[in-house]
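Structural features, examined
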Amino acid sequence: MKIHLNDKLQILKKTTFRRVANAAKVYSSFYVSKWRGVPNQKGKPLAIAIEPTTACNLGCPECPSGLKQFTRPTGNLKEAFYKKVIDQVWKETFYLTFYFQGEPYINPKFLDMVKYANDKKMYTTTSTNAHFLTEENAKRTIESGLDRLIISVDGTTQETYENYRKGGKLEKVLEGTKSIVKWKKAMKSKTPHIIFQFLVVKPNEHQIDEVYQLAKEYGVNEVKLKTAQVYDFEDGNELIPDNDKYSRYRMLSNGKYEIKNSLENNCWKLWHSCVITWDGKVIPCCFDKDANHRLGELEKNDFESIWFSENYNQFRKQLFKGRENIDICKNCSEGTKVWA
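A brief structural summary. Source: prediction; values computed, not measured. One numbering rule holds for all chains: residues counted from 1, following each sequence as written. Confidence filtering applies because this is a predicted model: local features only for residues at pLDDT of at least 70, side-chain atom pairs given and counted only at 80 or more, and all residues used for totals across whole chains, interfaces and linings. As a rule here, side-chain values come from all non-hydrogen atoms in the structure, and water together with hydrogens is ignored.

With respect to the overall build of the protein chain
Check the secondary structure of the protein chain and you find 11 helices and 11 strands. For a compact globule of 340 residues, the expected C-alpha radius of gyration is about 20 Å, and the protein chain comes in at 20 Å, within 12% of that figure. Across its three principal axes, the protein chain shows a C-alpha extent of roughly 55 × 50 × 35 Å. Partly exposed describes any residue whose relative accessible area lies between the buried limit of under 20% and the exposed limit of over 50%, with all areas from a 1.4 Å probe on protein chains only and scaled to the type maximum. By residue count, 55% of the 340 residues in the protein chain fall in the buried class. Within the protein chain, residue pairs in contact and separated by at least 24 positions form 69% of the contacts whose partners lie at least 6 positions apart. To measure how exposed things are, a 1.4 Å probe is used in the Shrake-Rupley method; for residues, cover is taken only from the protein chains shown. Just so you have it, the protein chain exposes about 15500 Å², and 51% of that area is on carbon and sulfur atoms. Between the mean site of the 54 positive side-chain charges and the mean site of the 42 negative ones, the protein chain shows a separation of 7 Å. Note on conventions: DSSP H or I runs of at least 4 residues are helices, E runs of at least 2 residues are strands, and numbering of each starts at the N terminus. Every radius of gyration here is taken over C-alpha atoms, with the globule rule written as 2.2 Å times N^0.38, N being the number of residues. Residues count as neighbours in contact if any of their non-hydrogen atoms are within 4.5 Å of one another. The charged-residue count follows a simple rule in which Lys and Arg add positive charge and Asp and Glu add negative charge, with His and chain termini not counted at all. Lysine's charge is taken at NZ, arginine's at CZ, aspartate's at CG and glutamate's at CD.

Observations regarding helix α8 (residues 208-218)
Looking at α8, one finds that the buried residues are Ile 208, Val 211, Leu 214, Ala 215 and Tyr 218. Down the axis of α8, the sector holding all buried residues measures 105 degrees, keeping them to one side. Away from its buried face by more than 90 degrees, α8 exposes Asp 209, Lys 216 and Glu 217. One or two residues past the end of α8 sits Gly 219, with phi positive at roughly 80 degrees. The reported arc concerns the directions from the helix axis to the C-beta atoms and nothing else.

Thoughts on the pairing of strand β1 (residues 47-50)
Each regular strand carries side chains that alternate between the two faces of the sheet. The two faces of β1 match: Ala 47 and Ala 49 on one face and Ile 48 and Ile 50 on the other face are all buried. Bridging between β1 and strand β2 (residues 95-97) involves three bridges; their strand directions are parallel. For Ala 49, the partnering residue across the bridge sits in β2 and is Thr 97. Here the rule is simple: two strands pair whenever DSSP picks up at least two bridges between them.

A few points about the pairing of strand β3 (residues 123-128)
In terms of residue burial, β3 counts as a mostly covered element, since six of its six residues are buried. Bridge count between β2 and β3: three bridges; the pairing is parallel. The residue of β3 that forms the bridge with Tyr 95 is Tyr 123. The definition of a right-handed crossover adopted here requires that, viewed with the strands pointing away, the path from the first strand over the helix to the second runs clockwise. One crossover worth recording links β2 to the parallel β3 by way of helix α4 (residues 110-119), and it is right-handed. Alignment of β3 against strand β4 (residues 148-152), held across four bridges, turns out to be parallel.

Let's talk about the environment of Glu 143
As for its placement among the helices and strands, Glu 143 is situated in helix α5 (residues 135-144). Taking the C-alpha atoms as reference points, Glu 143 and Leu 133, separated by 10 residues in sequence, lie 14 Å from one another. Within polar-contact distance, the side chain of Glu 143 engages the side chain of Lys 139 at 2.5 Å. Polar contact is the term for a pair of N or O atoms within 3.5 Å; when the atoms are in protein, one must be able to donate a hydrogen and the other to accept it, and sequence-neighboring residues count only if both atoms are side-chain atoms.

With respect to the nonpolar core
Across soluble globular proteins, nonpolar side chains have a tendency to be buried as a group. Nonpolar cores were defined as sets of buried Ala, Val, Leu, Ile, Met, Phe, Trp, Tyr and Cys residues, with membership established by side-chain atoms within 4.5 Å. Ranked by size, the top nonpolar core spans 88 residues in total, and within it Ile 50, Tyr 82, Leu 96, Ile 151, Phe 196 and Ile 276 carry the most contacts. Tallying contributions element by element places α4 first for this core, with six residues. Aside from chain neighbours lying at most four places away, what touches Ile 50 is Leu 77, Tyr 82, Val 85, Ile 86, Leu 96, Thr 97, Phe 98, Tyr 99 and Ile 276. One finds Ala 49, Phe 100, Val 275 and Ala 291 within the second-largest nonpolar core, a separate group that totals five residues.

Overview of the packing of helix α3 (residues 79-89) against α4
Orientation is described by lines fitted to C-alpha atoms, with helices fitted over the stretch in contact, and by angles between N-to-C directions that extend from 0 to 180 degrees. It is the contact of α3 with α4, at a shortest axis distance of 11 Å, that shows an interaxial angle of 20 degrees. Viewed along their axes, α3 and α4 adopt a mutual orientation that is roughly parallel. Relative to α4, α3 is oriented so that their crossing is right-handed. Where α3 approaches α4, its residues Glu 79, Tyr 82, Lys 83, Ile 86 and Asp 87 are matched on the opposing element by Asp 112, Met 113, Val 114, Tyr 116 and Ala 117. Of the residues belonging to the contact of α3 with α4, the class tally is six nonpolar, no polar and four charged. Any angle between 65 and 115 degrees counts as roughly perpendicular, while under 35 counts as roughly parallel, over 145 as roughly antiparallel, and the rest as oblique. Take the far helix as the reference: if the near one is turned anticlockwise from it by less than a right angle, the crossing is left-handed, and if turned clockwise, right-handed. Classification convention: Asp, Glu, Lys, Arg as charged; Ala, Val, Leu, Ile, Met, Phe, Trp, Tyr, Cys, Pro as nonpolar; all other residues, Gly among them, as polar.

Regarding the layout of surface pockets
The method works on a 1 Å grid over the protein atoms by themselves. A cavity is a set of points holding a 1.4 Å probe that cannot get out, a pocket is an open set with protein on both sides within 12 Å along at least five of seven lines, and residues with an atom within 4 Å of a point line them. Grid points are joined across faces, edges and corners, and a volume is the space filled by probe spheres set on the points. Of the pockets and cavities examined, the second largest pocket occupies roughly 200 Å³. Class assignment for the residues of the lining of the second largest pocket results in four nonpolar, three polar and four charged.

Quick look at empty space enclosed by the protein
Applying the stated criterion across every chain yields a total of two cavities of 30 Å³ or more. As a volume, the largest cavity reaches approximately 70 Å³. In this structure, the largest cavity is lined by Cys 267, Lys 269, Leu 270, Pro 284, Cys 285, Phe 287, Phe 315, Leu 319, Arg 323, Ile 328, Cys 329 and Cys 332. Those elements that provide at least two residues to the lining of the largest cavity are α9 (269-272) and α11 (310-321).

A word on the sheet that holds β4
Note: strands within a sheet are paired through backbone hydrogen bonds, in either parallel or antiparallel orientation. Reading across the sheet, the nine strands line up as β6-β5-β4-β3-β2-β1-β9-β10-β11 and stay open at both edges, with mixed pairing between neighbours. Edge strands, defined here as strands with exactly one partner in the open sheet, are β6 (222-227) and β11 (296-297). Taken together, the two bridges between strand β9 (residues 273-276) and strand β10 (residues 281-283) define a ladder with antiparallel strand orientation. By the bridge assignment for β10, Val 275 is matched with Ile 283.

Written as C-alpha cells, this is what we have:
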C-alpha cells in the first residue's frame, strides 16, 4: 500500500510508543520468518480491515457483492460488536480500513463507528461509490474524523462509467464529491484526504488523463489509478486494458495470459494485517471475498488468541510451502509488498 505524504502526516499524529514498538516486532518477525522459511509471528497487526456491510447498490462485474454471488450471508456490522473488537486492538493497531465487500454508507451506524476509532486515535479510511454522500452524510463524514476517503470514479462520462459501475450514476458521484469538498472547507478540516480512484479497464483506459482534470476541477486531493483483478484471465478478458502498464496480467506467446506478480512463497499481509467480516469471521486478506479461509470467529474467541493461534500459523506455513496450493493466493498482485 502506497501512502501519500498527507496521509503519512496524519499517521504520525497518531503514533504512540506502544504502536511503534509493536510495528518493530511485526517487521522483524516477518523478515526473520521469510529468511528462515518458518513462520514466527510477533506483534499484533499494524492494520485491520473491518467490513461495515456486504450490501451494495451497484452490480459491478468482477465483484461478488455487486453480482450477489456470495455464499455467506448479507448483513451489517453491529456497533456493539464492533466496539468490542476495537477495544481489543486499538493500542497496537493504528490503521483501520472500513471496507471489504459492500458499500459502507449503507450501514446506518457507519459514521458513528468511524468516530469511535478516531477517538482512539486510529487512522481511518474507507472506499465508497459515493451514491450515499448526501449533504447530511458529507457533513457527518467530516465530523466523524475520517482520515481518508476513496471515491470510485471509473469513467469521466456516464457511458464509460456505467460500463463497469452497473446501475450507477456519475452525476451522483460528482454531487457527493462536491458536498464532501464543500463541508471540508466550511469546517476548516484537513481531513479526509480525498482520492479519486480510477479502476483501469479496457473500456475506460482512454480517459485516464481526463480523470486527473476532473479531480482538479472538483478539488480532490489525489488520483489513484488501480489495476483490475479479473477472475477468468487465462484466455483473456474484455476488461484487461490494452496498455500493459495498467494490467495485472501479461500475454504469453501462445496467446494465454498470466499474472505479472512473481508470486513468492511468503506474504507480508499475513504478518501485518487481516480482514474481519461484518459477522466476526477473521480471514487472511481482502482476496478471500467469500470468507472461505476462516481463521477464527470473534463471537467465540478474542482477537489475540485468534491472531496467534495454531490455525493461523498453519495458514502461514501453508503459504511458505507453496502459494500455488492456496486458491486466493494464485491471483494476488500485492501480497509480497511491504509498506513503503
